[in-house]
Amino acid sequence: MACNLRCKMCYFTDSDYVKTLKGQFKDQELDLVAKAIFNRALKLQIGCGTEPTLYKDLPKIVRLGKQYNVPYISLTTNANLLTEEKIEELLIAGLNEFTISLHGVTKESYESFMKKASYEKFQNAFAAFKTLKVKYDFKVRINYTFNKDNFYELEDFFKYFDASGFDILQLRPIQKIGNTEYNDFDISSLEKDYTTMISKIRANCSENNIILMAPNKLEKLKDENTSSFIFDYTFCYISPNKFWKEGFNWRTETFNAYSKKIGWSKLLFSNVFKSKSHLRTLSNKLNYEIELN
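Residues numbered from 1 in each chain as written. Predicted model: local features only at pLDDT ≥ 70, side-chain atom pairs only at ≥ 80, totals over all residues. Heavy atoms only, no water.

Draft legend 1. Quick peek at the overall build of the protein chain. Each helix and strand counted, the protein chain has twelve helices and eleven strands in total. Pairs at least 24 apart in sequence give 74% of the contacts found in the protein chain among residues at least 6 apart. For the protein chain, the exposed surface amounts to about 16,100 Å²; the carbon and sulfur share of it is 50%. (Helix = DSSP H or I, 4+ residues; strand = E, 2+ residues; numbered from the N terminus. Contact = heavy atoms within 4.5 Å. Areas by Shrake-Rupley, 256 points an atom, 1.4 Å probe, with all protein chains shown as cover.)

So this is what it looks like as structure tokens:
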């Protein structure tokens, strides 16, 4: 539960919050985690707000996923600790996708927003992706969080990044996720140029055979999102401090036994149809429209 960087748009720049992020799975605990839940997973997403490459035996988690036949395994990382050797080790273990966090296109912007990061190390990781794509079948997704200060440089994205090293460019508008160092969450000034810029970025992506994932329209995210509700019933968050739901003792109890105890199947059925008033209470998730080349 740690990170090697201090990105300005991330809660790791909130010193008080960082103090609450403690814990690491013991090696034998990972086997119990896998036994408890992996056989039910359609996707194993390694990394969620922290930096998984700090864990020394990361390939073991990937191998466990493959052992339990998880169809798709993805790693979210800032890529600063990835070398060609480490990338290949993860690919051999069975990793399907790297999701790479990026907050700036140029070296100046990147190192300003992603404090403690190295632009050179980041680019080296993408050079390694390009090399290894010749030998392995895997995807690389760039997850670009934009604000009013780093949005316009996206127009020159392919001047700085070789399209041979990645497959997907995902654009995410900044959202408030804590007391972050960068706290200007107002992106309304981008609205007049957003459609034009996205059209240019989409054309650049199409020319380079890159899939673009981006909201077609820029508008203030509303409290109500009529397609977010399934998230709470399909997503199982696991960390050294939390496993799915409070009260589930995953070390001694099976997922099926606990589900039966809490009436999980009945709860799922009763929440298939929800009122809009109930939807407003749920966390908002960003939707994308994807145009394939």
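Next comes the rest of the account.
Draft legend 2. Region of the structure containing the nonpolar core. Membership of the largest hydrophobic core comes to 83 residues, with the highest contact counts inside it found for Phe98, Leu169 and Leu171. Ranked by the residues each element gives to this core, the list is headed by helix 6 (residues 119-132), at seven residues. Those residues in contact with Phe98 that lie beyond four places of it in its chain are Leu75, Leu82, Ile87, Leu90, Leu91, Phe129, Phe138, Lys139, Val140 and Arg141. (Core = buried A, V, L, I, M, F, W, Y, C linked by side-chain atoms within 4.5 Å. Buried < 20%, exposed > 50% of the residue type's maximum accessible area, 1.4 Å probe, protein only.)

Draft legend 3. Expanded view of helix 3 (residues 58-67). Summarising burial for helix 3: seven of the ten residues are buried, a large majority. On its buried side, helix 3 packs onto helix 2 (27-37), strand 2 (43-46), strand 3 (72-77) and helix 4 (84-93). A positive backbone phi angle near 60° is found at Asn69, which sits one or two residues after helix 3.

Draft legend 4. Representation of the packing of helix 2 against helix 3. Running from N to C, helix 2 and helix 3 point in directions that differ by 25°, and their axes come no closer than 10 Å. Judged on the interaxial angle alone, helix 3 and helix 2 are roughly parallel. Helix 2 and helix 3 meet at a crossing whose hand is right-handed. Contacts between helix 2 and helix 3 involve Asp27, Leu30, Asp31 and Ala34 from the former and Lys60, Ile61 and Leu64 from the latter. Of the residues in the contact of helix 2 with helix 3, the class split is four nonpolar, no polar and three charged. (Axes fitted to C-alpha atoms, helices over the stretch in contact; angles between N-to-C directions. Parallel < 35°, antiparallel > 145°, perpendicular 65-115°, else oblique. Left-handed = near helix turned anticlockwise from the far one by under 90°. Nonpolar A, V, L, I, M, F, W, Y, C, P; charged D, E, K, R; others polar.)

Draft legend 5. Spatial organisation of the pairing of strand 7 (residues 168-173). The buried count for strand 7 comes to five of six residues, which makes it a mostly enclosed element. Bridging between strand 6 (residues 139-146) and strand 7 involves six bridges; their strand directions are parallel. Within strand 7, the position partnered with Tyr144 by the bridge is Leu171. Of the pairings in the sheet, the one linking strand 7 to strand 8 (residues 211-214) comprises three bridges and is parallel in character. (Pairing = 2+ DSSP bridges.)

Draft legend 6. Structural context of the packing of aromatic side chains. Tallied over the full model, the rule gives 32 aromatic pairs. Arranged with centres 6.4 Å apart and planes meeting at 85°, the rings of Phe38 and Tyr68 form a pair that is edge-to-face. Residue Phe38 is located in the loop between helix 2 and strand 2, and its partner Tyr68 is located in the loop between helix 3 and strand 3; the two are separated by 30 residues in the primary sequence. By relative accessible area, Phe38 is classed as buried at 6%. Within the aromatic cluster, the residues linked to one another by ring pairs are Phe98, Tyr110, Tyr119, Phe122, Phe126, Phe129, Phe138, Phe157, Phe158, Phe161 and Phe166. Residue placement shows Lys133 over the ring face of Phe138; its charged tip is 4.6 Å from the ring centre. (Phe/Tyr/Trp six-rings, centres within 6.5 Å; stacked < 30°, edge-to-face > 60°. Lys NZ or Arg CZ within 6 Å of the ring centre and 35° of its normal.)

Draft legend 7. The pairing of strand 6, seen in detail. Of all eight residues making up strand 6, seven are buried, and the element is well covered by its neighbours. As defined by bridge partners, strand 4 (residues 97-102) adjoins strand 6 across six bridges and the pair is classed as parallel. Across the sheet, Ser101 pairs through a bridge with Asn143, a residue of strand 6.

Draft legend 8. Structural view of the environment of Leu5. Tracing the backbone through its elements, the reader meets Leu5 in the segment before strand 1 (6-7). The sequence separation of Leu5 and Lys116 amounts to 111 residues, and the corresponding C-alpha distance is 5.2 Å. The contact partners of Leu5, leaving out residues within four places of it in the chain, are Phe12, Asn78, Asn80, Met114, Lys115, Lys116 and Ala117.

Draft legend 9. Region of the structure containing helix 4. For helix 4, the full list of buried residues reads Ile87, Leu90, Leu91 and Ala93. Taken down its axis, helix 4 places every buried residue within 160° of arc, on the same side. Projecting away from the buried face of helix 4 at angles above 90 degrees are the exposed residues Glu85 and Ile92. Tucked inside the fold, the buried residues of helix 4 contact helix 3, strand 3, strand 4 and helix 6. Immediately downstream of helix 4, the backbone of Gly94 shows phi near 120°, a positive value. (Arc of directions from axis to C-beta.)

Note that every value here comes from positions in space, so none of it alone points to a role or purpose.
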